[in-house]
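# Per-entry structural report
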Amino acid sequence: MQGSLARSSDAVLKVLKDEPLSWPESFCKSWVDIAARSDFVSESVLRYPHWLSDWAEPDSALFRPLQLGELRTLLTSRLTSVENEEQLMHELRVFRRQQMVRIIWRDLLAYASLEQTLEEVSCLADVCVSGALDCLYGWALEKYGTPLANAGAAKKKTVQKMLVLGMGKLGARELNVSSDIDLIFAYPKNGVTDHPRKPIENQQFFMRLGQRLIHVLDHLTEDGFVFRVDMRLRPYGSSGALALNFSGFEDYYQNQGREWERFAMIKSRIIAGDQDDGKVLLEIIAPFVYRKYADFSSFQALRDMKRMIMSEVHRKGGDRNIKLGSGGIREIEFIVQACQLIHGGRDSRLQQPGLLSVLPILKNEQYLPEPWVDTLAAANKFLRRLEHAIQGLADKQTQLIPADSASRERVAWSLGFKRWDEAEVELRQHREKVSEIFHDFLHDADGEDSDEHANNTHWLHLWQAHGTEAQWQAALIEAGYDDAPQCYTLLEDLRHSRLLGAMSKDAKQRFENFLPMLLDHCAEYDNASLTLERVLSFVRVILGRTVYLVLLYENPHALRQLCKLCSESPWVAKHMAKSPVILDELLDVKSLYHLPTKAELQDQLRQQLLRIPEDDLEAQMDSLRTFRQSHMLRVAAAELGGQLPLMKVSDYLTWLAESLVEQSVNIAWQNLVVKHGLPNGVEASASSGLSFGFAVIAYGKLGGIEMGYKSDLDMVFLYQADDTGMTLGERSINNQVFYTRLGQRIIHILSTQTTQGALYEVDMRLRPSGNSGMLVSSLAAFEKYQRQDAWTWEHQALVRARFIAGDESLGKQFESVRREVLCLPRKEAALYEDVVGMREKMRQAALEKYQSEAQDHIKQGEGGLIDIEFITQYGVLRYARSEAKLLQWSDNIRLLEVLSQQRCFGEVDVEPLIEAYRTLRSALHRKSLADRNYRITLAEFDETRRLVAALWQKIFNA
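Given the structure is predicted, the values throughout are model-derived calculations rather than measurements.

To continue, consider the pairing of strand β7 (residues 713-719). In terms of burial, β7 is a largely internal element, 7 of the 7 residues being buried. Because side chains alternate across β7, one face comprises the buried residues L713, M715, F717 and Y719, and the other comprises D714, V716 and L718, equally buried. As judged from the 2 bridges shared by β7 and strand β8 (residues 762-763), these two strands associate in the parallel manner. Within β8, the position partnered with L713 by the bridge is V762. Bridge count between β7 and strand β9 (residues 776-778): 3 bridges; the pairing is parallel. Its bridge partner lying in β9, L718 is registered against S777.

Written out as structure tokens, the structure reads:
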């Protein structure tokens, strides 16, 4: 604390050089106290010392809260002379800093209650947003004309204004002293502006207005920023239109709104714009949020969200994070908001955004037990005060307890404690109580493991007493281990490992609680020794992170699933060893073996990314990787458990890849738009979001919906924009350069090795002109190449191509080009020669690579998978002009079905190839989940090989 006092003294002395010494003694003491608590306050006052004279009087705003109207009047007086955006940004930033200094001062010195602080910060955000919007709207009218609604029956065109919804803590009027603000932009109706020469669509008008508003509030200048702005809660997320009309909102929430978005919309509030229009919009949203009856699916969805929160706590540790960690602010918010969703449809008093105002209702109406509410209210107050003390240090949005002792002591002082140790004791008590309530809330008895598997004390005695080899082997044989000597060796190696030796006493106790349970569970399987070997390979990885041992020890059903999966596949043990954070996927057996739909998968990923700041690319990349690893484990578990047939495995792995590519595009797009602005000409599509002017085309296994566990991504990037145009940001670049960088950034996100590994290997060699071609091609250039320069094998590849991410309208244009190219007239003899010739080249390459093993290679050998794929592609290129159904699909199975049903090859029936293809691909999947030494060859499928080879002979007369 001495260092803090020294800094505060320095700050006081610097100010006193320029200010009179007529301040009251109490004010001087107040200045010293706050300077010691907050670097942000002291640095700001050193920059604007005259503020102190304004606040030195006893009746100044430093000693009383300012209401919304007062703040609005103060800001309006500053903005009356503003003439351009630069001046607006300066005035807003100075005003925000002045008021935030005053608010933090009042908060940390307890001049204001927690409720007053939250209310004042929220009011400050309200007036800054509305003040900025008023100025920008007026300038936009001058530039683009007035946006008018389409004429109705009365032929009366009404002026349209933008509405701003505050979400999250801003919507709840409980904004932190250093929080970002979650916003959503809306406008009532479509139409056009009345500009006499260049009218534009209303959506374009409001999107441009929204972009300027974000820039004015969020952009960092020498004066700082006003508020960091997060727009990801809008319909369709980051890929959605920046501003949407009311009918678009209604359509989205009626047809596509997710359970977690109900949570988000609880805290929605109109903070700027016409209040009457705002009421209409909130009435549109209300039925989506509050339902008359809470059916079973609602409870299950809430339990799923609760489980997701618990999983994130396990993954992140969370001890220092007072928001996301165990017993933190998010758990309190979840409990309260879940009660609002369950009961709010019947009790309108719960239909309000503020947590603090809802708690008394939950208590009085006994929606929650009275002791629970009292505990949650007390914990929330303490945690929010602690949050302010942490953020007040440097005006940074963080919920992490400072790592350095000096900052922790300053935080403790702001909370009224003499030392951090005292504050930490109370913090721990609050968090433990909240965590206990959170665990019991929405308790799902069916989800708990009912098996009371007792520890085998004999195992523990052997371990602690350093049992002899003979004693261990006797016990292992009796338990059912088939290779007792090997198991003994594994356990002794573990005992003498460096990590186990370095464990603390408590950590060793956790391990000793875990080991007997592990030995009991592994003994349940026929290959008990092999199972133990595989599980121990994973255990060695997590020895240094005993939180995972605790997770397994406290959740015997999760340990059982780990042993079961490892007994069936070494891939599982290796996969989990690479990423132990996915261990919590084993906690819920229901979700482990029952996979979500594609829409649910996309939604889960979007939720996960919403918790990460948009400018934290590293965290976003790690989140994508963890998501993939978790769902790869789930699909493997479902396949090993016999609950997912081959086609469904491929479907799910393909959906997973598509979802990850889609979000990679969104992240890369957002990153570049912030840096360079939107490409000129990119506007909103009708309702679903931005017209990126960019499309990702999948080829190969991704395009053919045949992804495996180890598949890479074959892709082509297309764009459609004016090559001479420029982006609209301050650091403007050429459109073509923008899209090239976008492609590079997407590949970086997907393929870069991070601490969580790489998402996928990316192969771009199928783009026009291969590796020598442009990374991103215009649609026109792509079409020209396919029509004039592409080889037959490139048209074969096009058979399995399809749009998977980006601009849907561009994707449809690609599909049109694909259909036209596949239907191009071809000389039968030339097509035959090209296909057969290419297949022969591949055989020769396989001979060089695999040598004597080439003939039995399951893909490359005669009668293998490549032969089936070539027959399919040859059939499409030959018959697509006459059989339009061949243009609908990109996967081999359905293409073969069409070729068979339409008798495209005449007397040669290709239907048997469907089952042959399934058989061989299923074998490859088994190989992926098996040991590295596990080999599978065509020789094991002699009948299948003969069938494929015979059909090849008939079709190609070879």
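Having put the structure on the table, let's press on.
We now examine the pattern of salt bridges. Enumeration according to the criterion identifies 40 salt bridges in this entry. The closest approach of N and O atoms between E120 and R102, which form a salt bridge, is 2.5 Å. Of the two residues, E120 is situated in helix α7 (residues 114-144) and R102 in helix α6 (residues 85-108); the sequence distance between them amounts to 18 residues. Just as E120 is buried, R102 falls in that class too. The closest approach of N and O atoms between R802 and E658, which form a salt bridge, is 2.4 Å.

Where helix α16 (residues 370-392) meets helix α18 (residues 420-440), the axes come as close as 10 Å, and the angle between the chain directions of the two elements is 135°. One way to sum up the angle between α16 and α18 is to call them oblique. When you trace α16 past α18, the crossing you get is left-handed. Taking contact as the criterion, the partners of W372, T375, L376, A378, A379, F382, L383 and L386 in α16 are, on α18, W420, A423, E426, L427, H430, K433, V434, I437 and D440. Broken down by class, the residue content of the contact of α16 with α18 amounts to 12 nonpolar, 2 polar and 3 charged.

Of all 5 residues in strand β1 (residues 163-167), 5 are buried, a share of seventy percent or more. Across the two faces of β1 the burial is the same, with L163, L165 and M167 and V164 and G166 all buried.

Next up on the list: helix α23 (residues 505-522). When the terminal C-alpha atoms of α23 are compared, their 26 Å separation across 18 residues agrees well with the 26 Å that a helix rising 1.5 Å per residue should span. Looking only at α23, the buried set comprises A507, F511, E512, F514, L515, P516, M517, L518, L519, D520, H521 and C522. Of the residues flanking the start of α23, the one acting as N-cap is S504, its side-chain oxygen 3.2 Å from the backbone nitrogen of A507.

Below, the discussion takes up helix α14 (residues 329-343). For α14, built from 15 residues, the straight-helix expectation of 21 Å at 1.5 Å per residue is met to within 8% by its first-to-last C-alpha distance of 21 Å. Counting buried residues in α14 gives 15 out of 15 residues, a clear majority hidden from the surface.

Take the packing of aromatic side chains next. As enumerated under the stated definition, the model contains 33 aromatic pairs in all. Centroid distance Y137 to F205: 6.0 Å. Interplanar angle 85°. Geometry classified as edge-to-face. Taken as a pair, Y137 in helix α7 and F205 in helix α9 (residues 202-218) lie far apart in primary sequence, 68 residues in all. As far as the burial class goes, Y137 and F205 line up, both buried. Put simply, the rings of F27, W31, Y48, W51, W55 and W105 touch in pairs and so form one group of aromatic residues. One Lys or Arg, R96, reaches over the ring of F227 and ends 5.7 Å from the middle of that ring.

Once that is clear, we can look at the environment of Q670. Within the element layout of this structure, Q670 appears in helix α31 (residues 646-676). C-alpha of Q670 to C-alpha of G501: the two residues are 169 residues apart in sequence and 47 Å apart in space.

What follows deals with the environment of Q620. Inspection of the secondary structure assignment puts Q620 in helix α30 (residues 617-640). When the C-alpha atoms of Q620 and Q663 are compared, they prove to be 9.6 Å apart, with 43 residues separating the residues in sequence. In contact with Q620, other than residues within four places in its own chain, are L609, I612, P613, E614 and I667.

Conventions used here
- Position labels on residues start from 1 in each chain and follow its written sequence.
- Totals for whole chains, interfaces and linings use every residue, but because this is a predicted model, local features are given only for residues with pLDDT of at least 70 and side-chain atom pairs only at 80 or more, for both listing and counting.
- Derived side-chain values reflect all non-hydrogen atoms in the structure, with water molecules and hydrogen atoms excluded from consideration.
- Residue burial is assigned from relative accessible area. The probe radius is 1.4 Å, only protein chains are included, and a residue is buried under 20% of its type maximum, exposed over 50%, and partly exposed in between.
- Secondary structure elements are defined from DSSP: runs of H or I of at least 4 residues count as helices, runs of E of at least 2 residues count as strands, and each element is numbered from the N terminus.
- Note on pairing: DSSP must find at least two bridges between two strands before they are called paired.
- Criterion for a salt bridge: a side-chain nitrogen of Lys or Arg within 4 Å of a carboxyl oxygen of Asp or Glu.
- Note on geometry: axes are lines fitted to C-alpha atoms, helical ones only across the stretch in contact, with angles between N-to-C directions running from 0 to 180 degrees.
- Every angle not falling under 35 degrees, over 145, or within 65 to 115 is termed oblique; those three ranges are roughly parallel, roughly antiparallel and roughly perpendicular.
- Crossings are classed by handedness, with left-handed meaning an anticlockwise turn of the near helix from the far one by less than a right angle and right-handed meaning a clockwise turn.
- Here a residue-residue contact requires only that any non-hydrogen atoms of the pair lie within 4.5 Å.
- Residues are sorted three ways: Asp, Glu, Lys and Arg are charged, Ala, Val, Leu, Ile, Met, Phe, Trp, Tyr, Cys and Pro are nonpolar, and all the rest, Gly among them, are polar.
- Expected span, for any helix, means 1.5 Å times one less than how many residues it has.
- Pairs of N or O atoms within 3.5 Å make up the polar contacts considered here, provided that, within protein, one atom can donate a hydrogen while the other can accept it, and that residues adjacent in sequence are counted only when both atoms are side-chain atoms.
- Two rings from Phe, Tyr or Trp (for Trp, the six-membered ring) form a pair when their centres are within 6.5 Å of each other. A pair whose planes differ by under 30 degrees is stacked, one over 60 is edge-to-face, and the rest are tilted.
- We call a charge positioned over a ring when the NZ of a Lys or the CZ of an Arg lies within 6 Å of the ring centre and within 35 degrees of the ring normal.

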